Amino acid sequence: MQNLRRRMDPRPSSPEDPSICIKFSLFFLNVLFWLAAILILGVGVYMMVEKKDAYQNLSDLSFDPAVLFVVLGAALFLITFLGCLGALRENTCMLCFYASIVGFLLLVEVTCGVLGFYFRETVQEGIGEKLKEAIDLYRDPSKPDLQLLIETTQTEFKCCGINSYEDWGSNIYFNCSSPGVEACGVPRTCCKTEEDRVNSQCGYGVGRMDSFEREERIYTTGCLTTVVDWFKNNLITIGIVSFSILLLQLITIWLATTLRGQVSDIKRTFNTSNRR
């Protein structure tokens, strides 16, 4: 009976075991990101299920924020789950694969950041083209998330259109040739005050107003211009956040490679002692 109890008791840790601190630091760090991935994935799936009838073909998935949530959540879920399992099981293959993926993502992020800064004018033009397509699709029944995203951006950044309010002229509802009452107008989220935004007609006909009256009622600066200015005014904060994310990724890579090295050394020592 005593021999059986000895076999069932957990093996006490020894100096040859991998570092408990490194092992569980890596595990709990990935658990936090794993929970965040579940939240992101859940929000994306919920959004897609709620409007499943709007998807008729693959082209309907473009410009859909729900797809971005699902893809980002799924990728983060798989990567962090691999890190959790690799740390918990002390599996060298999983740890190596996990560190390689995070390292690759880190390299991609740095490369995109450098290229984005170097070709910032080209990137800004490309974003402007995508935003123009988004404005054209505003109020498309199959893309309610896109409409919500545009309205939230205009409200929070106090802007209208891409480069100016005139960009709304490309939308079929706000074009001056439109037969509707919103012709030569803008969405109400372009209006300056909350009281005006409650009135759904506050953006009607602003294109026919004189500049003074128009400035009094709506924001005339485009959202792309406003966002670029916001980035320029908050470079220090953005730099600190970006550096923190990169540092966190470097820490996870170091934890994974260190734990893998310790486990490999223990296995090598064990195999050598068995041969003797």
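Residues numbered from 1 in each chain as written. Predicted model: local features only at pLDDT ≥ 70, side-chain atom pairs only at ≥ 80, totals over all residues. Heavy atoms only, no water.

> How should I be thinking about the confidence of the model for the chain in this particular structure?
Interpretation of the predicted coordinates at a detailed level should be avoided for regions scoring low in pLDDT. Looking at the chain, pLDDT values average 83 and 86% of them are 70 or higher. Averaged pLDDT values over the elements of the chain bottom out at 44 in helix 1 (residues 2-8) and peak at 90 in helix 4 (residues 92-118). In this model residues 1-15 is a low-confidence stretch, pLDDT under 50, and it forms two contacts with partners more than four residues away in sequence or in other chains. (pLDDT = per-residue confidence, 0-100. Helix = DSSP H or I, 4+ residues; strand = E, 2+ residues; numbered from the N terminus. Contact = heavy atoms within 4.5 Å.)

> Explain helix 4 to me, please; I cannot follow it from the model alone.
Taking 1.5 Å as the rise per residue, helix 4 with 27 residues should run 39 Å; its terminal C-alpha atoms sit 39 Å apart, in good agreement. Buried within helix 4 are the following residues: Thr 92, Leu 95, Tyr 98, Ala 99, Val 102 and Leu 106. Capping the start of helix 4 is the job of one residue whose side-chain oxygen sits 3.0 Å from the backbone nitrogen of Cys 93: Asn 91. (Expected span 1.5 Å × (residues − 1). Buried < 20%, exposed > 50% of the residue type's maximum accessible area, 1.4 Å probe, protein only. Polar contact = N/O pair within 3.5 Å; in protein donor to acceptor, adjacent residues only side chain to side chain.)

> Looking at this model, I keep getting lost on the packing of helix 6 (residues 144-157) against helix 9 (residues 223-233). Mind explaining?
Each pair of packed helices gets described by two things: the angle between the helix axes and the distance between those axes. Where helix 6 meets helix 9, the closest approach of the two axes is 10 Å, and the angle between their N-to-C directions is 55 degrees. Considered as vectors, helix 6 and helix 9 are oriented oblique to each other. Of the two elements, helix 6 crosses helix 9, and the hand of that crossing is left-handed. In contact with Thr 153, Gln 154 and Phe 157 of helix 6, helix 9 contributes Cys 223, Thr 226, Val 227 and Trp 230. Residue composition of the contact of helix 6 with helix 9, grouped by class: four nonpolar, three polar and no charged. (Axes fitted to C-alpha atoms, helices over the stretch in contact; angles between N-to-C directions. Parallel < 35°, antiparallel > 145°, perpendicular 65-115°, else oblique. Left-handed = near helix turned anticlockwise from the far one by under 90°. Nonpolar A, V, L, I, M, F, W, Y, C, P; charged D, E, K, R; others polar.)

> Explain the pattern of salt bridges here, please?
Pairing is possible between side chains that carry opposite charge, provided their charged atoms lie close to one another. Counted according to the given criterion, the structure contains three salt bridges. Close ionic contact of Lys 132 with Asp 136 constitutes a salt bridge, the shortest N to O distance being 3.6 Å. On the criterion of helical spacing, the pair formed by Lys 132 and Asp 136 is a turn pair, its members being four residues apart in helix 5 (residues 120-136). Classification of Asp 136 as partly exposed rests on a relative accessible area of 33%. (Salt bridge = Lys/Arg side-chain N within 4 Å of Asp/Glu carboxyl O.)

> How should the state of the cysteines be read in this particular structure?
What we call a disulfide is simply a covalent bond connecting the sulfur atoms of a pair of cysteines. Enumeration according to the criterion identifies four disulfides in this entry. Covalently, Cys 159 is tied to Cys 223 through a disulfide, its sulfur atoms 2.0 Å apart. Disulfide Cys 159-Cys 223: torsion about the S-S bond near 90 degrees, hence right-handed. Linking Cys 159 in the loop between helix 6 and helix 7 (194-198) with Cys 223 in helix 9, this pair joins segments that are 64 residues apart in sequence. Across this residue pair, the class does not change: Cys 159 and Cys 223 are buried. Linked covalently through their sulfurs, Cys 176 and Cys 184 form a disulfide whose S-S length is 1.7 Å. Taking the sign of the S-S torsion, about 120 degrees here, the bridge from Cys 176 to Cys 184 comes out right-handed. Given the relative accessible area of 8%, Cys 184 is considered buried. (Disulfide = S-S within 2.5 Å.)

> Looking at this structure, how should I read unusual backbone geometry?
Leaving glycine aside, a negative phi is the common case for residues, and trans is the common case for peptide bonds. Even without a glycine there, the phi angle at Arg 139 is positive, about 75 degrees. Relative to the assigned elements, Arg 139 resides in the loop between helix 5 and helix 6. Non-glycine residue Lys 158 carries a positive phi angle of around 55 degrees. Take Lys 158: it is sitting in the loop between helix 6 and helix 7. The class of Lys 158 is exposed, set by a relative accessible area of 51%.

> How do you make sense of the side chain of Gln 249 when you look at a structure like this?
Take Gln 249: it is sitting in helix 10 (residues 235-275). Among residues more than four places away in sequence, those in contact with Gln 249 are Val 102, Leu 105, Leu 106 and Glu 109.

> Is there a simple way to explain the packing of aromatic side chains in this structure?
We describe a pair of aromatic rings using the distance from one ring centre to the other and the angle between the two ring planes. Applying the stated criterion across every chain, the model contains eleven aromatic pairs. With a centroid separation of 6.2 Å and 0 degrees between ring planes, the pair formed by Phe 77 and Phe 81 is classed as stacked. Here Phe 77 pairs with Phe 81, and both are found in helix 3 (residues 65-89), just four residues apart, close to one helical turn. Note on Phe 81: relative accessible area 40%, which makes it partly exposed. Arranged with centres 4.8 Å apart and planes meeting at 85 degrees, the rings of Tyr 118 and Phe 119 form a pair that is edge-to-face. On the basis of relative accessibility, which here comes to 63%, the residue Tyr 118 falls in the exposed class. (Phe/Tyr/Trp six-rings, centres within 6.5 Å; stacked < 30°, edge-to-face > 60°.)

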